Amino acid sequence: MKRKYQLILIFKMITLISAFAIMVSLFAFYSIKEKKQSEQFVCGVVDERPICGNAIRQMKISLIINKTGQRLFQDSCRACHSIHDVVVGPALKDVVKRRPKKWLYKFINNSSAVIKSGDPYAVELFNKFGKAEMKNFNFTKAEIDSILDYIKVESDY
Ligand code: HEC
């Protein structure tokens, strides 16, 4: 008789624990689902105007983008480069992660000197892009920093 009660007790405990586990997983499932949905489509109010989804993303980008870098990029680089696509030169997405800063300062102002110095990465890129030469520039470090900052933000979005 005692054994029977013990078994019933164990059975009840198992049922309780499973019910609890199911509740916890359901809760986790729904909260993850909801979070995903809110990431996909957000609404908010900017300048007293309600805006949704992509518009918010654009607003965010315009707030954090480096305006000087954007202007310099458009004036001097856009003819040959885009961030996400190959144009005359390579897509510049994540170039800041790909190359060291010191190299970028040298290469952007005087790519032909870097290629002539025999730098293996530069030579390989030069050959890959049909020996097309980049113009020489005379930017200050601060100007190059702005351009790289602009490229970095555009790469992330
Ligand atoms: C006349 C076309 C042209 C212009 C203008 C130009 N580039 Fe380039 N760029 C190239 C080409 C072509 C390459 C590939 C290497 C080579 O052939 O010299 C390149 C390569 C690069 C690279 C190396 C990319 C990598 O994947 O490692 C960087 C960084 C770069 N350019 C930045 C710039 C910046 C910043 C500007 C504007 C200030 C600029 N370029 C303007 C044509 C151009």
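Everything numeric in this text was worked out from a predicted model, so none of it was measured.

Draft legend 1. Region of interest: the overall build of the chain. Helices and strands together make up the secondary structure of the chain, namely eight helices and two strands. Put simply, the chain runs from its N terminus to its C terminus through helices and strands in the order α-β-β-α-α-α-α-α-α-α. Here the chain, with 157 residues, has 27% of them falling under the buried criterion. In the chain, 54% of the contacts between residues at least 6 apart in sequence involve partners at least 24 apart.

Draft legend 2. Molecular detail of the site of the ligand. Within the structure, the ligand sits among 25 residues, and Cys77, Cys80, His81, Tyr121 and Met134 are positioned closest to it. Arg98 places a side-chain nitrogen or oxygen 2.7 Å from an oxygen atom of the ligand. Of all the secondary structure elements, the ones that give two or more residues to the shell around the ligand are α4 (95–98), α5 (101–109) and α7 (120–128). Of the residues in the shell around the ligand, the class split is 19 nonpolar, three polar and three charged.

Draft legend 3. Layout of helix α8 (residues 141–156). Taking 1.5 Å of rise per residue, the 16 residues of α8 would be expected to cover 22 Å, and the 22 Å separating its terminal C-alpha atoms lies within 8% of that figure. Taken as a whole, α8 has its buried residues at Ile144, Ser146, Ile147, Leu148, Tyr150, Ile151, Val153 and Ser155.

Draft legend 4. Quick look at the coordination of the iron atom of the ligand. Listed as protein donors to the iron atom of the ligand are His81 (NE2) and Met134 (SD); their distances from the metal cover 1.9 to 2.2 Å. Coordination at the iron atom of the ligand is octahedral: its six donor atoms span angles of 85 to 179° at the metal. Separated by 53 residues along the polypeptide, His81 in the loop between α3 (67–76) and α4 and Met134 in the loop between α7 and α8 bring together distant segments of the chain.

Draft legend 5. Representation of the packing of α5 against α8 within the structure. The contact between α5 and α8 brings their axes to 11 Å, and the two run at 105°. Between α5 and α8, the interaxial angle falls into the category roughly perpendicular. Taken together, the residues of α8 that come into contact with α5 (itself represented by Lys101, Leu104, Tyr105, Ile108 and Asn109) are Lys141, Ile144, Asp145 and Leu148. Partitioning the contact of α5 with α8 into residue classes produces five nonpolar, one polar and three charged.

Draft legend 6. Looking closely at the nonpolar core. By size, the foremost hydrophobic cluster in this structure holds 25 residues, and its most contacted members are Phe73, Phe139 and Ile151. Secondary-structure elements contributing two or more residues to this core are α3, α5, α6 (111–116), α7 and α8. The element that contributes the greatest number of residues to this core is α8, accounting for six residues.

Draft legend 7. Examining the packing of α3 against α8 more closely. In contact at an axis separation of 7 Å, α3 and α8 are set at 95° when each is read in the N-to-C sense. When the axes of α3 and α8 are compared, the pair comes out roughly perpendicular. For the pair α3 and α8, contact is made by Thr68, Gly69, Gln70, Leu72 and Phe73 and by Glu143, Ser146, Ile147, Tyr150 and Ile151, respectively. When the residues that make up the contact of α3 with α8 are grouped by side-chain class, the tally is five nonpolar, four polar and one charged.

Draft legend 8. Focus on α5. The complete set of buried residues in α5 reads Trp103, Leu104, Tyr105, Phe107, Ile108 and Asn109. Next to the buried residues of α5 lie α4, α6, α7 and α8.

Draft legend 9. Main features of the side chain of Asn109. Within the fold, Asn109 resides in helix α5. On the basis of relative accessible area, Asn109 is assigned to the buried category, the value being 17%. Every residue in contact with Asn109, bar those within four places of it in the chain, is listed here: Asn136, Phe137, Asn138, Phe139 and Ile144.

Cut-offs used in this document
- Residues numbered from 1 in each chain as written.
- Predicted model: local features only at pLDDT ≥ 70, side-chain atom pairs only at ≥ 80, totals over all residues.
- Heavy atoms only, no water.
- Helix = DSSP H or I, 4+ residues; strand = E, 2+ residues; numbered from the N terminus.
- Buried < 20%, exposed > 50% of the residue type's maximum accessible area, 1.4 Å probe, protein only.
- Contact = heavy atoms within 4.5 Å.
- Near = heavy atom within 4 Å.
- Polar contact = N/O pair within 3.5 Å; in protein donor to acceptor, adjacent residues only side chain to side chain.
- Nonpolar A, V, L, I, M, F, W, Y, C, P; charged D, E, K, R; others polar.
- Expected span 1.5 Å × (residues − 1).
- Donors = N, O, S within 2.8 Å, 3.2 Å for Na, K, Ca; no water.
- Tetrahedral: all angles 85-135°; square planar, octahedral: opposite > 155°, others 65-115°.
- Axes fitted to C-alpha atoms, helices over the stretch in contact; angles between N-to-C directions.
- Parallel < 35°, antiparallel > 145°, perpendicular 65-115°, else oblique.
- Core = buried A, V, L, I, M, F, W, Y, C linked by side-chain atoms within 4.5 Å.

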